[in-house]
Amino acid sequence: MGARVRERTLERVRKLLAKAERTDNEHERATFMAAASALMAKHGIDSLPPAGTRQVPGDRIVTLPAPWAREKARLVSLVAQASRCRPLLIGRGDGGQRVHVFGFAADLERADLLATSLLLQMASGLARVEPPEDVTAVRAYRRSWLLGFTDEVYRLLCAAESRAEAESAGTGTALVLADRNAEVARVVAAHYPDIRMSVPRTSGTGYRDGVAAGREADLGRTGMATATAPELT
């Protein structure tokens, strides 16, 4: 994909995400986010180099500040993973929770753009949440809402990526993706030879409501001031 075509595609995605963040109409937000996610997934496939082309994965560390730093970091991690990057939660530092993301340049760029918008949208959605009257542990409810929201966003993003891969005209797409995944894994292993997996705990009602919000928002369509965006720069 040429540089001009690539930039035009990303600009279209930015405009769609901006429209989704600004509108109060849920149907419009669903339309904008569905279009943005599909276009971004297609961009990821179109940006693949020909088979046999040598590229070197890059990496960046993203710092997510309080409040809800760990939950924000989880969103960034899963968006990166859905964008064919490899994220690792590396703990607190530099004023927040840090995520070390590995991937090829085009995928890192896609992950940044999507995660920035979704962080804004998720925070606004949480601000509007009213826990049920029978909920006594409000913070636990809100935390599980965030986790449910993030899981549903991840599912929808992965579905968009899978559709884009299936619709690709290139017969070698799967092989190229497998090679790139293996290359990223090798770079991660060189930096972090020992990796520990963890699964966050949730509370039922909040998690289910967060999933519903992510599904209805079709990748979390809400709005928030853009001050959060520098977290991904």
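Preceding this section is the structure that the text describes.
Notes on the structure in this doc start here. (Residues numbered from 1 in each chain as written. Predicted model: local features only at pLDDT ≥ 70, side-chain atom pairs only at ≥ 80, totals over all residues. Heavy atoms only, no water.)

Focus: the sheet that holds strand S2 (residues 86–93)
The strands making up a sheet are joined through hydrogen bonds of the backbone, oriented either antiparallel or parallel.
Here comes step 1: Taken together, the three strands give an open sheet; going across it, the order is S1-S3-S2, and neighbouring strands pair in antiparallel fashion. Sheet topology places strand S1 (58–64) and S2 at the edges, where each strand pairs with a single neighbour. Strand after strand, the sheet turns through a mean of 20° between neighbouring axes, direction not considered.
Here comes step 2: Sitting on the sheet, helix H3 (residues 69–82) is in contact with S1, S2 and strand S3 (96–103), with an inclination near 10° to S3. (Pairing = 2+ DSSP bridges. Helix = DSSP H or I, 4+ residues; strand = E, 2+ residues; numbered from the N terminus. Axes fitted to C-alpha atoms, helices over the stretch in contact; angles between N-to-C directions. Contact = heavy atoms within 4.5 Å.)

A look at the packing of aromatic side chains
Here comes step 1: Using the criterion set out here, one finds two aromatic pairs in the structure.
Here comes step 2: Measuring from centroid to centroid gives 6.2 Å for Phe102 and Tyr192, while their planes differ by 85°, and the two rings are edge-to-face. Placement of Phe102 in strand S3 and of Tyr192 in the loop between helix H6 (173–191) and helix H7 (204–217) is noted, with a sequence separation of 90 residues between them.
Here comes step 3: A relative accessible area of 23% means that Tyr192 is categorised as partly exposed.
Here comes step 4: The ring centre of Phe104 lies 3.9 Å from the NZ or CZ of Arg180, which sits over that ring. (Phe/Tyr/Trp six-rings, centres within 6.5 Å; stacked < 30°, edge-to-face > 60°. Buried < 20%, exposed > 50% of the residue type's maximum accessible area, 1.4 Å probe, protein only. Lys NZ or Arg CZ within 6 Å of the ring centre and 35° of its normal.)

Notes on unusual backbone geometry
Here comes step 1: Ala66 connects to Pro67 through a cis peptide bond whose omega is 0°.
Here comes step 2: Assignment of secondary structure puts Pro67 in the loop between S1 and H3.
Here comes step 3: Its identity as a non-glycine residue notwithstanding, Trp68 has a phi of 55°, on the positive side.
Here comes step 4: Looking at the element boundaries, Trp68 is found in the loop between S1 and H3.

With respect to H3
Here comes step 1: In this model H3 runs 20 Å from its N-terminal to its C-terminal C-alpha over 14 residues, within 8% of the 20 Å that 1.5 Å per residue would give.
Here comes step 2: For H3, the buried fraction is high: twelve of the 14 residues fall into the buried class.
Here comes step 3: Residues of H3 that are buried include every one of Ala69, Glu71, Lys72, Ala73, Arg74, Leu75, Val76, Ser77, Leu78, Val79, Ala80 and Ala82, and no others.
Here comes step 4: Those residues of H3 hidden inside the fold are in contact with S1, S2, S3, helix H4 (105–128) and helix H5 (138–167).
Here comes step 5: Two residues or fewer after H3 comes Arg84, characterised by a positive phi angle close to 65°. (Expected span 1.5 Å × (residues − 1).)

Remarks on the pattern of salt bridges
A side chain with one charge can pair with a side chain of the opposite charge if their charged atoms come near.
Here comes step 1: Within this structure, the stated rule accounts for twelve salt bridges.
Here comes step 2: One salt bridge in this structure joins Glu71 and Arg143, with 2.8 Å as the shortest N-O distance. Taken as a pair, Glu71 in helix H3 and Arg143 in helix H5 lie far apart in primary sequence, 72 residues in all.
Here comes step 3: For Glu71, a relative accessible area of 9% gives the class buried.
Here comes step 4: Across the pair Glu161 and Arg84 runs a salt bridge, and its minimum N-O distance is 2.6 Å. Placement of the pair is Glu161 in helix H5 and Arg84 in the loop between H3 and S2, with a sequence separation of 77 residues.
Here comes step 5: Taken together, the shared-partner salt bridges in this structure form one network comprising Arg84, Asp107, Arg110, Glu161, Glu165 and Arg180. (Salt bridge = Lys/Arg side-chain N within 4 Å of Asp/Glu carboxyl O.)

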